[in-house]
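# Structure assessment
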Amino acid sequence: MSRLIVVSNRVNPPSDAGVGTAGGLAMALAAALREYSGVWFGWSGETIETFTGQISMQKIGGVTVALVDLEEQDREEYYDGYANRTLWPLFHSRTDLAAYERSFGEGYERVNRRFAETLAPLIGPEDVVWIHDYHLIPLAAELRRLGVANRIGFFLHIPWPGRRQLTTLPQHRQLVESLLSYDLVGFQSRDALEAFGDYISRELEMIIHDGAIIHDSRRTRIGAFPIGIEAAAFAELATQDVARETFERIRLSQAGRKMILGVDRLDYSKGLEERFLAYEQLLADHPDWAERVFLLQIATPSRDAVQAYQEIRARLDGVSGRINGAYATIDWVPIRYVNRAHRRDELAGIYRAAQVGLVTPLRDGMNLVAKEYVAAQDPEDPGVLVLSRYAGAAEQMEDALIVNPFSREETSEALGRALAMPKRERITRWRRLMDGVLRDDVAAWRDCFVAALRLDAGGDVAEGGGNRKAS
Ligand code: GDG
């Protein structure tokens, strides 16, 4: 029987209760595996003294997972190093933060080889393999070297960088050529697909014809497959007990004030500092909003081991403290800045209580928070989404107020407009956004990608979310 084998760096299915703190990617992949029988393979997050390749099989939340431990040196070079200090900043247009160290590249190759050697014996002749994200770009090439001839697809959850930026990476050519071992390579947006196509045609001088790259060994099809959320289920969650209690708690503490909400992993790509400054601009330009509005920013710490993350955290503590010191009154604090993670159902209630969802990353593959905010709204009295043009989601969510997050004046004006928007316009915009979020949900994304991956090499690529092909 043909199974789906999903591979990602971390394996983190939501618990059986389904209300844990699992992020968007985890929710999406667990949903994919509940639908198709299969296995989810990846790193356990644990380290041991010497790599053994021993697999621990478990069943979590209805999903079979296969976990391997890595060595401490792997964590340092592959995960904290090449993934988080080289590729993440580079792919988010932060070459100033990107560390190009040979040991990181060696660790990346070593772990991808280890993953391939451990995974290959698990793959049956009919299985289809779906590999996720920038940690594992060379995995298909390593599997091919071991003789795996199955159909293998890759999906990139983050943006694809501009050609000139990518060429700053010493091994850029090797990295991109390793993608040609896949049968299908998927991106979040047309923007990413076009940037990739630009590199392929101008650096590798290869031809893209009819949505596929023609090269010696195979035909690698490429496409945009914008990821979605479990939209109907999330909308439902927002009306359940825990969400309702959280909503009421916020309403009580709001005391009639409007709430602007941000929810992000604490990451420099999310534009949090720029967001705080744009909000400060609103308070400076419109003193009448003082004491009538507040910003709730939930920012869950991540990648604490990396210095750039310690620095952004310290900067945000400083900026939020300064703004609060300058504008607060004895009974009003302009920014409620929270570094604690919340349960998913609490989060749904928090989204529903916010009059404005402020989603302003400087660069983002998709951004699921924008979609969750829309899904959680009350249809009779929805809030307004303010969305960065540099989130992949902006290609699909044109009825949001689209802003340039680098311009604090533009963002602050959009905030003012969102806070004052009449109900009729809010409902019209939200309805269109919600139709899209429901239609292009995570099941549509998964089915579209898997169907395209299962097609014969001669077939055409189906695409999700109404996106066009680059050719
Ligand atoms: C990467 C790409 C792409 C956040 N705080 C809490 C919490 N979250 C959840 C949100 C959302 C997820 O984490 C964040 O997803 P995003 O898409 O916003 O961002 P990344 O983590 O950077 O994800 C991104 C995504 O992969 C999927 O392809 O969209 O572009 O960067 O689901 O709700 N969840 C809970 N408590 C929190 O405090 N339960």
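Residues numbered from 1 in each chain as written. Predicted model: local features only at pLDDT ≥ 70, side-chain atom pairs only at ≥ 80, totals over all residues. Heavy atoms only, no water.

## Section: unusual backbone geometry
Both trends apply: most residues other than glycine have a negative phi, and most peptide bonds are in trans. We count it as follows: What counts as a helix is a DSSP run of H or I of at least four residues, what counts as a strand is a run of E of at least two, and both are numbered from the N terminus.
Backbone geometry at Ser 93 places phi at a positive 60 degrees, although glycine is not the residue there. Positionally, Ser 93 belongs in the loop between helix 2 (72-91) and helix 3 (102-119). Located in the positive-phi region is Arg 303, a residue other than glycine, with phi close to 50 degrees. Tracing the backbone shows Arg 303 in the loop between strand 12 (293-301) and helix 11 (307-327).

## Digging into the environment of Arg 424
Selection rule: Think of it in three bands: with a 1.4 Å probe and only protein chains considered, a residue is buried below 20% of the maximum accessible area for its type, exposed above 50%, and partly exposed in between.
Its location among the elements puts Arg 424 in helix 15 (residues 423-439). Judged by its relative accessible area of 71%, Arg 424 falls in the exposed class. Residues Arg 424 and Glu 142, spaced 282 residues apart in sequence, show a C-alpha to C-alpha distance of 55 Å.

## A look at the packing of helix 9 (residues 241-254) against helix 12 (residues 344-353)
Basically, it comes down to this: Only the stretch in contact is used when fitting a helix axis, every axis being a line fitted to C-alpha atoms; angles between N-to-C directions are given from 0 to 180 degrees. Here roughly perpendicular refers to angles of 65 to 115 degrees, roughly parallel to angles under 35, roughly antiparallel to angles over 145, and oblique to all remaining angles. Crossing handedness follows the turn of the near helix against the far one: under a right angle anticlockwise gives a left-handed crossing, and clockwise gives a right-handed one. The contact criterion used is simple: two residues touch if any of their non-hydrogen atoms lie within 4.5 Å. The nonpolar class holds Ala, Val, Leu, Ile, Met, Phe, Trp, Tyr, Cys and Pro. Asp, Glu, Lys and Arg form the charged class, and all remaining residues, Gly among them, are polar.
The interhelical angle for the contact between helix 9 and helix 12, taken along N-to-C directions, is 45 degrees, at an axis separation of 7 Å. The pairing of helix 9 with helix 12 is recorded here as oblique in orientation. At the point where helix 9 passes helix 12, the crossing takes the right-handed sense. For the pair formed by helix 9 and helix 12, the contact residues are Val 242, Ala 243, Thr 246, Phe 247, Ile 250, Arg 251 and Gln 254 on the first element and Asp 345, Glu 346, Ala 348, Gly 349, Ile 350, Arg 352 and Ala 353 on the second. In the contact of helix 9 with helix 12, the residues fall into seven nonpolar, three polar and four charged.

## Quick notes on the environment of Glu 230
Residue position: Glu 230 is located in the loop between strand 10 (219-224) and helix 8 (231-237). Between the C-alpha atoms of Glu 230 and Asp 267, which are 37 residues apart in sequence, the distance is 24 Å. Discounting residues that sit within four places of it in the chain, Glu 230 has contacts with Met 27, Ala 31, Arg 34 and Val 442.

## Notes on the site of the ligand
Convention followed: In these notes, residues near a molecule or strand are those with any non-hydrogen atom within 4 Å of it. Whenever a nitrogen or oxygen atom comes within 3.5 Å of another N or O atom, the pair is scored as a polar contact, on the condition that within protein one atom can donate a hydrogen and the other can accept it, and that pairs from neighbouring residues in sequence are kept only if both atoms are in side chains. Note on areas: these come from Shrake-Rupley sampling with a 1.4 Å probe, and a residue is covered only by the protein chains present in the view.
If you check the shell around the ligand, you find 25 residues, and the closest are His 157, His 342, Asp 364, Leu 368 and Glu 372. Within the contact set of the ligand, a nitrogen atom lies 2.4 Å away from a backbone nitrogen or oxygen of His 342. Within the side chain of Glu 372, an N or O atom sits 2.6 Å from an oxygen atom of the ligand. Calculation on the ligand without its partners gives an accessible area of 740 Å², and the protein chains cover 92% of this total. Secondary structure elements with two or more residues in the shell around the ligand: strand 11 (258-266), helix 12 and helix 13 (368-375). Here the shell around the ligand is composed, by residue class, of nine nonpolar, 10 polar and six charged.

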